[in-house]
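Letter by letter, the chains look like this.
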Amino acid sequence: MNSSEQSQTSIKKVLIANRGEIAVRIIRACRDLGIKTVAVYSDADRASLHVRYADEAVHIGPPPPRESYLVGEKIIEAARKSGADAIHPGYGFLSEREWFAQAVADEGIIFIGPPPSAIATMGDKQSAREAVKKYGVPVVPGTEPGMRDDEILAAAQEIGFPVMVKAAAGGGGKGMRGVYSAEELPDALAMARREAEGAFGDGTVYLEKMIIGARHIEFQVLADMHGNTIHLGERECSIQRRHQKLVEESPSPFMDSDLRRRMGEAAVLAAQSVGYVNAGTIEYLVDKDKNFYFMEMNTRLQVEHPVTELVTGIDLVKEQVRIARGRRMGPTESLTEPKGWAMECRINAEDPYNNFLPSVGQITTLNVPSGPGVRVDSGVYAGYSITPYYDSMIAKLICWGDDRPEAILRMRSALEEFTIMGVKHNVPFHQNLLNSFTFIAGRLDTKFVEERFSMTTYENDPDEGELETAAIAATLYAHRQRQLAGQVVGRNERDTSNWKWLSRWERVHR
Ligand code: MV4
C-alpha cells in the first residue's frame, strides 16, 4: 500500500441533505463513482426527481425547511438508519452550519465539505477578513474587530466616505447598508446592530470603504487533505438582482491572464489561511482599475459550479467526494487558461413582467433544450408541481462555446427551445438580456438589472452608438468567421438568432 491508499476512507453510500436540481446533480456524481445514494424528502417533495433517482429515500417531515431540511438530527438519523457513511449538504440549508458539520463528524459520518473550523472562521465575515489579511490577501480598507465607536468613527474619517456597514454574521448582501457621511454614522451603526442582533443573534458590525461600480468575480478553489490547494479560474457573477444571481459565466470578459494569476494565487492563500479542505469559492469585488478585494468565502459547492466544470473539464462534485475519501484530488495545477466559454442562465419560476413574483403550480408542458454545448441541470418534469416552500429556481441552463459569441448564440437558441407552461418563468428575461448590447459587449455590472434593465422597452442600453454597433458587429463577425472556416456545422444565412440581432439593430438605428 502506498501512503495515499493508506489515508483513504471508504465511502459506499452518500446521503444527500438537499433537494431539487442540486440533489440530482450529486446523485449523478455518486453514480459515476459507483456509490449508492440516499435522498431525504419533505411531504412537499414525495414526487420530486431526487427521490426517484436516489437508491433509497427517507421521509424527514413537513414542507417547511425548519421542520425538515434544516433539522440536523433528522438528517443524521436518516443517515444512521440507512447506513450512509457520508453526507453531502449541497448548497443552502445546512451546508454552511459549523454545528452540523461537527455533529456529522461526531457521529463518525464523513461530511463532504470543509472542516467545521473553516466554516466558522469564514462564516464570521470579520474574522474571515482578519484571517486572509494575515496571508497577504487584499481586503477592502475597513475597521478592525473590537473597536469602540469613537475609534470606528475615526477610522471611517480616515477611510473616507461613503462606507458600508456590514454585519459580521451576515453575508451575501444580508445586513449591509451604505453610509454617506460622518453625521449618519452613529445612527447607522445603532440600526445595523439592532437588525443584525434580530436577524442573526449577533449584533457585531464593521465598516468597509464602499467600492463603487465594482464587479463581482469569484474564484473556484479545491483543496485536498494532503496540502494541495489549487484554483480553477473565475466566474463572473455581476448579472444579479437583489443579491440573487441570474447569469454567471466563465471566464469573465473583464479578466486577463495576469489578473487571473494574481487573483487565483490570492484565492489559494485565502483558502490556506483557514486550513481549507474540499471545494470553496472566494468572492472578490473588482473595481474598474482592476484592483481586487476579498469579500467573502463561500464554504460550499455553489449553484453556478457548472460553468467552471465546462471550461475546465473537471467534475467538481466527483472531486468533492474524492477529497472527502482522503484521496489526492485529480487536478494538480491551478487553471491558467480556461477552455472555451461557458454561461449559465438560472431558470426561475418567477414572473419577469411582474417584479419577479414567484409563481407556483403545476408544470403542464416542459420542453428541455439540448444539443452540442448545451447542459440542463434540473429537478423538475412535466406534471411536477412547484410549491411555495422552496426557492424558485427550477433549472439551470448552461451553454458552452469556443468563445463568448458562440456561447451566447447557443444560449439564445437553447432559450428559444425551452418551453415551460403552467407557471410563469423568467426565460423571457434571459432572452431580453441576451439581446442587450450592454450584455453582448460584456460591460457587466451589479446594478444593470435593477437600475437600467427593462422587459418592455428597447432602452436597456445607453445610446453609445458606436460602442453598441461595434459590440454586435464583433459578435456576428466572430461567428461568421467560424462559419466560413467550416467550424460551425448547421448554421446558415437563415440562422434565426443572427437574424433577430440584425432586425433589432435596424429597429434601434433606423
Ligand atoms: C460591498 C460593496 C461595495 N463595497 N462591499 C453584496 C454581497 C456581499 N457579498 C457584499 N456585497 C457588496 N459588498 C464594499 N466594501 C457592494 C456589494 C454589493 C454587491 C456585490 C456583489 C454583487 C452584487 C452586489 C450588489 C450590491 C452590493
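What you see is a predicted model; the values in this text were computed from it and never measured. (Residues numbered from 1 in each chain as written. Predicted model: local features only at pLDDT ≥ 70, side-chain atom pairs only at ≥ 80, totals over all residues. Heavy atoms only, no water.)

(A) Up close: the side chain of Asp224. With respect to the helices, strands and loops of the structure, Asp224 is situated in the loop between strand S9 (215–223) and strand S10 (229–241). Arg328 is the oppositely charged side chain nearest to the buried, salt-bridge-free Asp224, at an N-O distance of 5.2 Å. In this structure Asp224 touches Val277, Ile323, Arg327, Arg328 and Met329, once residues within four positions along its chain are discounted. (Helix = DSSP H or I, 4+ residues; strand = E, 2+ residues; numbered from the N terminus. Buried < 20%, exposed > 50% of the residue type's maximum accessible area, 1.4 Å probe, protein only. Lys, Arg positive; Asp, Glu negative; His and termini not counted. Salt bridge = Lys/Arg side-chain N within 4 Å of Asp/Glu carboxyl O. Contact = heavy atoms within 4.5 Å.)

(B) Unusual backbone geometry, seen in detail. The omega angle of the peptide bond from Phe161 to Pro162 is 0°, so this bond is cis rather than trans. With respect to the helices, strands and loops of the structure, Pro162 is situated in the loop between helix H8 (149–159) and strand S6 (163–171). Across the junction of Ser250 and Pro251, the peptide omega takes the value 0°, indicating a cis bond. For Pro251, the position within the fold is in the loop between strand S11 (244–250) and helix H10 (257–273). Although it is not a glycine, His243 sits at a positive phi angle of roughly 65°. Locating His243 in the fold gives a position in the loop between S10 and S11.

(C) Spotlight on the sheet that holds strand S8 (residues 205–209). Spatially, 3 strands are ordered S7-S6-S8 in an open sheet, and the strand pairing comes out antiparallel. Each edge of the sheet is formed by a strand with only one pairing partner; in this case those strands are strand S7 (174–179) and S8. Direction aside, neighbouring strands of the sheet carry axes that sit 25° apart on average. The pairing of S6 with S8 spans 5 bridges and is classified as antiparallel. (Pairing = 2+ DSSP bridges. Axes fitted to C-alpha atoms, helices over the stretch in contact; angles between N-to-C directions.)

(D) Broad picture of the pattern of salt bridges. Counted by the stated rule, this structure contains 37 salt bridges. Its salt-bridge partner being Glu309, residue Arg25 comes within 2.7 Å of it at the nearest N-O pair. With Arg25 in helix H2 (residues 20–32) and Glu309 in helix H11 (residues 305–312), this pair connects stretches of sequence that are 284 residues apart. Judged by relative accessible area, which is 6%, Glu309 ranks as buried. Between Arg148 and Glu151 there is a salt bridge whose closest N-O contact spans 3.8 Å. A relative accessible area of 31% places Glu151 in the partly exposed class.

(E) Local environment of the environment of Ala17. Looking at the secondary structure, you find Ala17 in the loop between strand S1 (13–16) and H2. Distance from Ala17 to Val38, taken between C-alpha atoms, is 8.9 Å for residues 21 residues apart in sequence. With sequence-adjacent residues up to four places away left out, Ala17 is seen in contact with Val40, Ile75, Ile87, His88 and Pro89.

(F) Looking closely at the confidence of the model for the chain. On average, residues of the chain score 90 in pLDDT, and 89% of them are at 70 or above. Residue range residues 1–6 is modelled with pLDDT below 50. Its contacts to residues more than four positions away, or to other chains, number 3 contacts. Note on residues 487–510: pLDDT under 50 across the span, and 46 contacts to partners over four residues away in sequence or across chains. (pLDDT = per-residue confidence, 0-100.)

(G) Representation of the sheet that holds strand S19 (residues 374–378). Spatially, 8 strands are ordered S13-S12-S9-S10-S11-S14-S21-S19 in an open sheet, and the strand pairing comes out antiparallel. Two strands close off the open sheet at either side, each with one partner strand: strand S13 (292–298) and S19. Taken over all neighbouring pairs, the strand axes of this sheet differ in orientation by 25° on average, direction set aside. Inspection of the sheet shows S9 paired to strand S12 (residues 278–286) by 9 bridges, in the antiparallel sense. In the strand pairing of S12, Phe219 is matched with Ile282. Contacts from H2 reach S19 and strand S21 (393–401), with the element oriented near 110° to S19.

(H) Looking closely at the site of the ligand. Lys166, Glu208, Lys209, Ile211 and Glu296 are the nearest of the 18 residues found near the ligand. Glu208 has a polar side-chain atom sitting 2.9 Å from a nitrogen atom of the ligand. In this structure, Glu283 approaches the ligand through a side-chain N or O atom, which is 3.3 Å from a nitrogen atom. Protein chains shield 90% of the accessible area of the ligand, which is 520 Å² for the free molecule. Of all the elements in the fold, those that place two or more residues in the shell around the ligand are S6, S8, S12 and S13. Residue composition of the shell around the ligand, grouped by class: 7 nonpolar, 6 polar and 5 charged. (Near = heavy atom within 4 Å. Polar contact = N/O pair within 3.5 Å; in protein donor to acceptor, adjacent residues only side chain to side chain. Areas by Shrake-Rupley, 256 points an atom, 1.4 Å probe, with all protein chains shown as cover. Nonpolar A, V, L, I, M, F, W, Y, C, P; charged D, E, K, R; others polar.)

(I) Structural view of the pairing of S21. Across the 9 residues that make up S21, a large majority, 9, are buried. Sheet topology note: the strand S14 (residues 341–348)/S21 ladder contains 8 bridges and is antiparallel. Following the sheet pairing, Ala342 is matched in S21 by Trp400. Relative to S21, S19 is paired through 5 bridges, and the arrangement is antiparallel. If you follow Asp377 over to S21, its bridge partner there is Lys396.

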